[in-house]
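Fold and geometry: a report
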Amino acid sequence: MQVGNARYLTAGDVPETLPIFPLAGALLLPGGQLPLNVFEPRYLAMFDAALAGNRLIGIVQPALTEPEAALDAQEAPALCQVGCIGRITSWAETGDGRYIVSLGGVCRFRVIDEIAGHRPYRTVRIAPFIADLSSAQEESTVDRDGLLSAFRAYLEANKLEADWDSVKRASNLTLVNSLSMMSPFGPAEKQALLEAPDLKTRAETLVAITEILLARDFGDVDTMLQ
């Protein structure tokens, strides 16, 4: 996996510990790009430390069992067990105390435990999903036609348009992960997409969630997919 100017090929290329950025409803997948607007002092400090080091941070959702209204009041909410490592590929200062950052997805990780410390941000010990670093072999397992059919039906139902030339040029890996990241789903659906064991399952999950959404909001999904 190449992200920015760095290559991540083996377990030795990925750290054992990681600062984390808990974000409800956020999804970063290997090979994807996640833009962030960073303004809280603790996360500004985290990005300063990452920029001075390996440029890696973890994106992870707060635990789905946490009531949404309670999350803002918690300094350290419980976390989902699976997140994704992101490398800072671009950043800019705004002049009013914020960073505009882009993260490139490296690989998923499982949280082993949290490391106590005196930093303003949280750090965890991780077990990386090493298979994500060489997932290109999964390309041929994806039902691309089924995925595009569901995507087209969703766009038409919501009167949206897409750059179909770019879609046609995209690899299956890029297509599945990009559509998953930009999908307007809730935290539980986003976590299901993140935790899918392989690219084929993620594509099938994306299609299934899209069909459920279309059926709920627009009725006869079978007609829409034809």
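Residues numbered from 1 in each chain as written. Predicted model: local features only at pLDDT ≥ 70, side-chain atom pairs only at ≥ 80, totals over all residues. Heavy atoms only, no water.

As a further point, take the pattern of salt bridges. Here the structure, examined in full by the defined rule, presents six salt bridges. Of the charged contacts, one joins Arg 108 and Asp 132 as a salt bridge, the two residues approaching to 2.9 Å between their closest N and O atoms. Residue Arg 108 is located in strand E7 (residues 99-115), and its partner Asp 132 is located in the loop between strand E8 (122-128) and helix H3 (144-157); the two are separated by 24 residues in the primary sequence. Given a relative accessible area of 3%, Arg 108 falls into the buried group. (Salt bridge = Lys/Arg side-chain N within 4 Å of Asp/Glu carboxyl O. Helix = DSSP H or I, 4+ residues; strand = E, 2+ residues; numbered from the N terminus. Buried < 20%, exposed > 50% of the residue type's maximum accessible area, 1.4 Å probe, protein only.)

This part is about helix H6 (residues 187-195). Of the positions making up H6, those classed as buried are Lys 190, Gln 191, Leu 193 and Leu 194. The buried residues of H6 occupy an angular sector of 160° when the element is viewed end-on, so they sit on one face. (Arc of directions from axis to C-beta.)

In this section: the side chain of Ser 102. Position of Ser 102 relative to the elements: it lies in strand E7. When near neighbours in sequence (up to four residues on either side) are disregarded, Ser 102 contacts Gln 33, Leu 34, Pro 35, Arg 87, Ile 88, Thr 89 and Ser 90. (Contact = heavy atoms within 4.5 Å.)

Leftover empty space is mapped by rolling, across the atoms, a probe with the size of a water molecule. Scanning all chains against the criterion turns up one cavity of 30 Å³ or more. Every residue lining the largest cavity is listed: Ala 26, Leu 27, Leu 28, Ile 59, Val 60, Gln 61, Gly 83, Cys 84, Gln 191 and Leu 194. Listed by contribution, the elements that provide at least two residues to the lining of the largest cavity are strand E5 (56-60), strand E6 (82-93) and H6. A breakdown of the residues in the lining of the largest cavity according to their chemical character gives seven nonpolar, three polar and no charged. (1 Å grid on protein atoms, 1.4 Å probe; cavity = no way out; pocket = protein on both sides within 12 Å on 5 of 7 lines; lining within 4 Å. Points joined across faces, edges and corners; volume = space filled by probe spheres on them. Nonpolar A, V, L, I, M, F, W, Y, C, P; charged D, E, K, R; others polar.)

Considering the arrangement of structural elements, one finds Asp 96 in the loop between E6 and E7. It is 9.2 Å that separates the C-alpha atoms of Asp 96 and Phe 39, two residues lying 57 residues apart in sequence. At 3.2 Å, the side chain of Asp 96 forms a polar contact with the side chain of Arg 98. (Polar contact = N/O pair within 3.5 Å; in protein donor to acceptor, adjacent residues only side chain to side chain.)

Below, the discussion takes up the nonpolar core. Residues Phe 21, Leu 36, Val 38, Phe 47, Ile 59 and Leu 103 are the most contacted members of the largest nonpolar core, which totals 49 residues. No other element matches the eight residues that H3 contributes to this core. Apart from the residues within four sequence positions on either side, Ile 59 is in contact with Phe 21, Leu 23, Ala 26, Leu 28, Leu 34, Leu 36, Gly 83, Cys 84, Leu 103 and Phe 109. With 19 residues, the next largest nonpolar core counts Val 14, Leu 18, Leu 79 and Val 124 among its residues. (Core = buried A, V, L, I, M, F, W, Y, C linked by side-chain atoms within 4.5 Å.)

What follows is about unusual backbone geometry. Phi at Arg 55 takes a positive value of approximately 70°, unusual for a residue other than glycine. With respect to the helices and strands, Arg 55 occurs in the loop between helix H1 (41-52) and E5.

On to the confidence of the model for the protein chain. Per-residue confidence for the protein chain gives a mean pLDDT of 87, with 90% of residues at or over 70. Taken element by element, the protein chain is modelled with least confidence in helix H8 (residues 221-225), mean pLDDT 49, and with most confidence in E5, mean pLDDT 96. (pLDDT = per-residue confidence, 0-100.)

Our focus in this paragraph is the packing of aromatic side chains. To describe a pair of aromatic rings, one takes the distance between the centres and the angle between the planes. A complete count under the given rule lists four aromatic pairs for this structure. Through a chain of ring-to-ring contacts, the aromatic side chains of Phe 21, Tyr 43 and Phe 47 assemble into a single cluster. In this arrangement the basic side chain of Arg 152 is found over the ring face of Trp 164, its NZ or CZ atom lying 4.9 Å from the centre. (Phe/Tyr/Trp six-rings, centres within 6.5 Å; stacked < 30°, edge-to-face > 60°. Lys NZ or Arg CZ within 6 Å of the ring centre and 35° of its normal.)

This part is about H1. Between its first and last C-alpha atoms H1 spans 17 Å; for 12 residues at 1.5 Å apiece the expected length is 16 Å, and the two agree. Along H1, the residues classified as buried are Arg 42, Tyr 43, Leu 44, Met 46, Phe 47, Ala 50 and Leu 51. Check the buried side of H1 and you find it contacts strand E3 (17-22), strand E4 (33-38), E5, E6 and E7. (Expected span 1.5 Å × (residues − 1).)

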